Amino acid sequence: MVETDQKFYTCKYDKPFKEIMLKKSNRDILKSLLKSILNIEIKDIKLNSPDTNVGNVNVKGKSFDALLTTDKGKIEIELNAINEDYVHPRNMAYICNVYTTHTLVGEEYDEDTDIIQINLTYHLNNENEYDNKNMRIYKMRDNEGKEFVKNLYIVEVNMDFYEKIWYSKNKKAIKENKYLVMLNRNKQELEEMLEENIEVRKYMDELNKLNKKPEFIEFMTAEEDARKIYNSRMKAATREGLEKGLKQGLEQGLEQGLEQGINQRNIEIAHNLLKQKIDVNIISASTGLSKKQVEELKEQ
């Protein structure tokens with residue numbers, strides 16, 4: 001991505017995504033984005049509280065990036081700017097929370113309302129199974145393909161796939177996938193996109209305005225700074241742990257090596273004393289080997 005004098009924050013991150021996509025006046029953009037992912041027409045969207053309802057005071061709550069009630073079911077959206085081992089278990093916990101809340105609130109257990117989680121995830125191309133795939137749809141099935149429930153879906157969108165489309169400069173492919181391609185484009189790149197589309201133009205204007213708001217920049221800068229501090233501390237802690245582990249390993253290795261060397265030397269001495277017909281008790285006392293060990297050497 002082209003660098004500018006002032007950093008331009010895209011909808012790769014949850015804050016700008018929520019500021020734009022969850023705005024009531026931008027429902028048309030959100031509907032188009034959802035249609036491009038789920039391939040279904042969504043007419044009605046209602047925003048739910050973004051806070052999880054874990055039902056346990058000992059569990060720290062979390063805010064969803066987006067939780068929607070639509071005419072096609074409940075849809076939760078998560079922005080994953082990185083792909084780490086914790087992302088799948090964490091997001092699974094979120095969608096299970098949505099499923100639990102929906103199921104327990106109703107008068108009966110039903111599978112008529114779809115519960116869908118959309119993960120917009122970057123850096124999935126590091127996993128071979130995602131090469132050249134735009135998304136994967138996960139469901140709960142057994143080893144024979146029988147569904148446990150029919151209304152729970154997890155859609156993981158490989159955002160690297162759409163990054164490749166942009167950098168391919170294939171105008172037809174960009175136009176066909178514009179709503180996903182546009183999410184991580186900066187100001188200059190957005191201006192290069194096909195401008196006859198009303199929603200893309202509207203999204204471009206909204207993102208440009210957002211990046212000019214001092215309070216938004218201040219929030220993003222503080223969040224980025226906190227993330228960098230955390231990453232730096234984790235890196236330092238990891239390095240310190242590795243160094244400590246290496247030192248302990250070397251110390252243990254030297255200690256074990258010395259013990260093995262001394263033990264081997266005592267065995268050699270015991271062999272020589274046995275050849276001279278020295279009493280087993282004397283050999284044991286002289287070498288530190290047990291009488292049983294000396295007796296076993298005697299039999300060899």
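Structure's up top.
Rules and cut-offs
- Residues numbered from 1 in each chain as written.
- Predicted model: local features only at pLDDT ≥ 70, side-chain atom pairs only at ≥ 80, totals over all residues.
- Heavy atoms only, no water.
- Helix = DSSP H or I, 4+ residues; strand = E, 2+ residues; numbered from the N terminus.
- Buried < 20%, exposed > 50% of the residue type's maximum accessible area, 1.4 Å probe, protein only.
- Areas by Shrake-Rupley, 256 points an atom, 1.4 Å probe, with all protein chains shown as cover.
- Pairing = 2+ DSSP bridges.
- Arc of directions from axis to C-beta.
- Salt bridge = Lys/Arg side-chain N within 4 Å of Asp/Glu carboxyl O.
- Axes fitted to C-alpha atoms, helices over the stretch in contact; angles between N-to-C directions.
- Contact = heavy atoms within 4.5 Å.
- Expected span 1.5 Å × (residues − 1).
- Left-handed = near helix turned anticlockwise from the far one by under 90°.
- Nonpolar A, V, L, I, M, F, W, Y, C, P; charged D, E, K, R; others polar.
- Parallel < 35°, antiparallel > 145°, perpendicular 65-115°, else oblique.

A few words now on the overall build of the chain. When helices and strands are tallied, the chain shows eleven helices and six strands. Per-residue burial over the chain gives 37% buried out of 300 residues. For the chain, the accessible surface area stands at approximately 18900 Å², while carbon and sulfur atoms represent 51% of it.

On to the pairing of strand β4 (residues 115–121). Most of β4 is tucked away: seven of the seven residues are buried. Side chains I115, Q117, N119 and T121 of β4 all project onto a buried face; the interleaved residues I116, I118 and L120 project onto the opposite face, where all are buried too. Here seven bridges tie strand β3 (residues 73–80) to β4, and the two strands are oriented parallel to one another. Each residue of the ladder has a partner; that of I77, found in β4, is I118. Note that β4 and strand β6 (residues 152–158) share seven bridges and pair parallel. Along β6, the bridge assignment pairs I115 with L152.

Let's shift gears to helix α10 (residues 280–287). Because each turn of an α-helix spans 3.6 residues, side chains separated by three or four positions end up pointing in the same direction. For α10, every residue scored as buried is listed here: V280, I283, S284 and T287. An end-on view of α10 places all buried positions within 100° of arc, on one side of the element. The exposed residues of α10 that point more than 90 degrees off its buried face are A285 and S286. Where α10 terminates, the next one or two residues include G288, which has phi positive at roughly 85°.

What follows is about the pattern of salt bridges. This structure, assessed with the given rule, holds eleven salt bridges. Between K35 and E41 there is a salt bridge, with its nearest N and O atoms 2.9 Å apart. Of the charged contacts in the structure, one is a salt bridge between R185 and E189, with a shortest N-O distance of 3.1 Å. The class of R185 is buried, set by a relative accessible area of 0%. Relative accessible area serves as the criterion here: at 4%, E189 is assigned to the buried category. Each of K139, R141 and E147 takes part in a single network of salt bridges with overlapping partners.

Pairing in this open sheet of six strands is mixed, and the strands run β1-β2-β3-β4-β6-β5 from one edge to the other. Each edge of the sheet is formed by a strand with only one pairing partner; in this case those strands are β1 (45–47) and β5 (135–138). For this sheet, the mean inter-axis angle between neighbouring strands, taken without regard to orientation, is 20°. Sheet analysis places β1 next to strand β2 (residues 66–70), joined by three bridges and oriented antiparallel. Along β2, the bridge assignment pairs K46 with T69. Set on the sheet, helix α3 (residues 87–105) makes contact with β2, β3, β4, β5 and β6; between it and β3 the angle comes to about 160°.

Positionally, M140 belongs in the loop between β5 and β6. Look at M140 and you get partly exposed, because its relative accessible area is 37%. On a C-alpha basis, the gap between M140 and L152 in space is 7.3 Å, while along the polypeptide they are twelve residues apart. Contact partners of M140, with chain neighbours within four places excluded, come to K146, E147, F148, V149 and L152.

An ideal rise of 1.5 Å per residue puts 16 Å on twelve residues; helix α2 (residues 27–38) measures up with 16 Å between its terminal C-alpha atoms. A positive backbone phi angle near 60° is found at N39, which sits one or two residues after α2.

Mapped onto the elements of the fold, R185 is located in the loop between α6 (178–181) and α7 (187–192). Counting along the chain gives 174 residues from R185 to C11, while the straight-line C-alpha distance between them is 8.3 Å.

Packed helices, taken two at a time, are described by the angle their axes make and the gap between the axes. Contact geometry for α10 and helix α11 (residues 291–299): axes closest at 9 Å, N-to-C directions at 115°. Relative to α11, the crossing made by α10 is right-handed. Between α10 and α11, the residues in contact are V280, N281, I283 and S284 and K291, V294, E295 and K298, respectively. Its residues assigned to classes, the contact of α10 with α11 comprises three nonpolar, two polar and three charged.

Two numbers describe how α2 lies on helix α8 (residues 198–210): the axes approach to 10 Å, and their chain directions differ by 120°. Considered as vectors, α2 and α8 are oriented oblique to each other. Relative to α8, α2 is oriented so that their crossing is left-handed. Where α2 approaches α8, its residues D28, I29 and S32 are matched on the opposing element by E199, K202 and Y203. Counted by class, the contact of α2 with α8 contains two nonpolar, one polar and three charged residues.

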